Amino acid sequence: MAEPLKAMYDGFFLERFAALVKTAWNPFNESEFVEHVRDGNWEQLELKARARKITEALGAALPQSYGDALAVLYLIDEKCTGLPYIFFSDFVEIYGMEPHNWDLSLAALTRFTERSTAEFAIRAFILNDPERMASQMLAWAEHPNEHVRRLASEGIRPRLPWAQALPLFKRDPSPIVPILEKLKRDPSLYVRKSVANNLNDIAKDHPELVISLAEAWIGEDPHTDWIVRHGCRTLIKKSVPEIMALFGYAKHEASEETDQPLVAYAELEVTPSIIAIGSEISLRYHVRLREGESAKLRIEYGIAFVKSGGKTSIKRFLLSDREYAGGAAASSVRAHRFADLTTRKHYSGLHVVTLWVNGREVASAELTVTEAKPL
């Protein structure tokens, strides 16, 4: 089992970093810094909380003048690259929010994001002055460094994981659009992934806006097409008709050529039909298309999971997404394990398993899930 990310902040990391700070500023007390970081409930803290603890220890140990403290960090930041050093940007968020420090702070975040990331720290500044920061992000979108351009998109995502929410942009994402417009042809995949994820965030609250952007952007550039496809993934999972048509998925209605529905035959078999939590089922499916023209299909299976209160909630899983010849058959077997995850706990009861083609249910089977047998 892989170690959790928070484990990267071990004793060796802290001692090595303290020694590096000491080379830049001789009054720095290495042992006090490490002791400050590790005191209290350190072992129980998760990644971002540990980074914050390092930030606070730095704040106590570096010069009390914010500008002087930044000057110390500037002497060592080139040697501090990657995710572990998110506390450089966190330092700016905690100690550089005063209005008279903003020019210093934004320059520091521009510099620090090139070596790690400022996507979390920048959100406090956005919430404090959204208009100024939207303009700043627009300027960063033209920066020569891909990490800074990525910050322009990633930092203003309405639903960035692990980060403060930006409810104002959940309500009205229109200030984000000019930033994404500047980045939609970016040569860096690192940046394009962020733009796509930003679109996907917006789609969860304003699908009509993303549909409009997708229809306007598609076909402009291969880089833009990749962003549009990846950014519309939630809308594709929901089988939004405009998006399904945009990406060429076949309609279920009868074809003009054959006067037959898209799916001529569909079957789903689940074995065994009764399992205990922690066990595995085998799903065997078979779909045959109408004769005639080829068709692009997105084939999924869905499980209506029983929740703690007895209600059900369906989740769909991808089986196939490609072009099929007219009259072709798609069939395979997929295993699905009913083991508890950090993101899903299983409960006993009747689970309906369904087969979906291009957003429409075409077959179903019943599955009874029982409590796991005691060891």
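Sequence order as written defines the numbering, with residues in each chain counted from 1. It should be noted that, the model being predicted, local features are given only for residues of pLDDT at least 70 and side-chain atom pairs only at 80 or more, the latter also being counted only at that level, while totals for whole chains, interfaces and linings use all residues. For side-chain calculations, the full set of non-hydrogen atoms in the structure is used, while hydrogens and water are omitted.

Participant: Quick one: what's the story with a positive patch on the surface, residue by residue and with numbers?
Facilitator: A cluster of basic residues, Lys204, Lys237, Lys238 and Lys315, forms a positive patch at the surface. Numbering of helices and strands runs from the N terminus; a helix is a DSSP stretch of H or I covering at least four residues, while a strand is a stretch of E covering at least two. Along the chain, the position of Lys204 falls in helix 12 (residues 189-205). Residues forming no salt bridge and having over 30% relative accessible area are the ones grouped into patches, like charges within 9 Å of each other and nonpolar side chains (Val, Leu, Ile, Met, Phe, Trp, Tyr) within 5 Å. Reported accessibility uses the Shrake-Rupley method at a 1.4 Å probe radius. Residues are deemed covered only where the shown protein chains occlude them. We define a salt bridge as a contact between a side-chain nitrogen of Lys or Arg and a carboxyl oxygen of Asp or Glu at a distance within 4 Å. Under the convention used here, Asp and Glu are negative, Lys and Arg are positive, and both His and the chain ends fall outside the count. A charged residue contributes its charge at one atom only: NZ of Lys, CZ of Arg, CG of Asp or CD of Glu.

Participant: Which residues make up the sheet that holds strand 1 (residues 263-271), and what are the values?
Facilitator: Two strands qualify as a pair provided that DSSP identifies no fewer than 2 bridges between them. Strand order in the open sheet formed by three strands is 1-3-6, and the pairing between neighbours is antiparallel. In this open sheet, the two strands that pair with only one neighbour each are strand 1 and strand 6 (329-337). Strand-to-strand twist across the sheet, computed as the mean angle between neighbouring axes with direction ignored, equals 15°. For helices, the fitted axis covers only the stretch in contact; all axes are lines through C-alpha atoms, and the angles between them, taken along N-to-C directions, range from 0 to 180 degrees.

Participant: Can you break down helix 5 (residues 87-95) residue by residue, with the values?
Facilitator: An α-helical segment advances 3.6 residues per turn. Residues three or four places apart therefore align on the same side. Each residue is assigned to one of three classes by its accessible area relative to the maximum for its type, calculated with a 1.4 Å probe on protein chains only: buried under 20%, partly exposed between the two thresholds, exposed over 50%. With seven of its nine residues buried, helix 5 lies for the most part within the structure. When we look at burial in helix 5, the residues that qualify are Phe87, Phe88, Ser89, Asp90, Phe91, Val92 and Glu93. Taken together, the buried residues of helix 5 touch helix 1 (11-24), helix 3 (47-61), helix 4 (66-74), helix 6 (102-113) and helix 7 (122-128). Any two residues whose heavy atoms approach within 4.5 Å at even a single point are treated as in contact.

Participant: Please set out the sheet that holds strand 5 (residues 312-324) residue by residue, giving values where relevant.
Facilitator: The strand order across the open sheet formed by five strands is 2-8-7-4-5, and the pairing between neighbours is mixed. Single-partner strands in this sheet number two, and they are strand 2 (274-276) and strand 5. Along the sheet, successive strands turn relative to each other by an average axial angle of 25°, direction set aside. In the sheet, strand 7 (residues 349-357) pairs with strand 8 (residues 360-370) via nine bridges, with the strands oriented antiparallel.

Participant: Now, about the nonpolar core: what can you tell me, with residues and values included?
Facilitator: Nonpolar cores were defined as sets of buried Ala, Val, Leu, Ile, Met, Phe, Trp, Tyr and Cys residues, with membership established by side-chain atoms within 4.5 Å. Judged by nonpolar contacts, the single largest core of 78 residues is most densely connected at Phe17, Phe33, Phe87 and Ile122. With near-sequence residues (within four places) excluded, Phe33 lies in contact with Leu14, Phe17, Ala18, Phe28, Ile54, Ala57 and Leu58. In this structure, Leu262, Tyr285, Phe305 and Val357 belong to the second largest nonpolar core, which totals 31 residues.

Participant: Break down the pattern of salt bridges for me, citing the residues and quoting the values.
Facilitator: For the structure shown, the criterion picks out 27 salt bridges. The salt bridge partner of Glu293 is Arg290, with a shortest N-O separation of 3.4 Å. Residue class for Glu293 comes out partly exposed when judged on its relative accessible area of 28%. Two residues, Glu300 and Arg316, come together in a salt bridge whose shortest N-O distance is 3.0 Å. Here Glu300, found in strand 4 (residues 295-306), pairs with Arg316, found in strand 5; they are 16 residues apart in sequence, far enough to count as distant. Given a relative accessible area of 2%, Glu300 falls into the buried group. A relative accessible area of 24% means that Arg316 is categorised as partly exposed.

Participant: Kindly report on the pairing of strand 3 (residues 280-289), identifying the contributing residues and their values.
Facilitator: Walk down a regular strand and you will see the side chains alternate between the two sheet faces. The alternating pattern of strand 3 places Ile281, Leu283, Tyr285, Val287 and Leu289 on a buried face, while none of Glu280, Ser282, Arg284, His286 and Arg288, on the opposite face, is buried. Relative to strand 3, strand 1 runs antiparallel, the two sharing eight bridges. Among the inter-strand pairings, Tyr265 is bridged to a residue of strand 3, identified as Arg288. With nine bridges connecting them, strand 3 and strand 6 associate as antiparallel partners. Residue pairing across strands places Arg284 opposite Val333, the latter belonging to strand 6.

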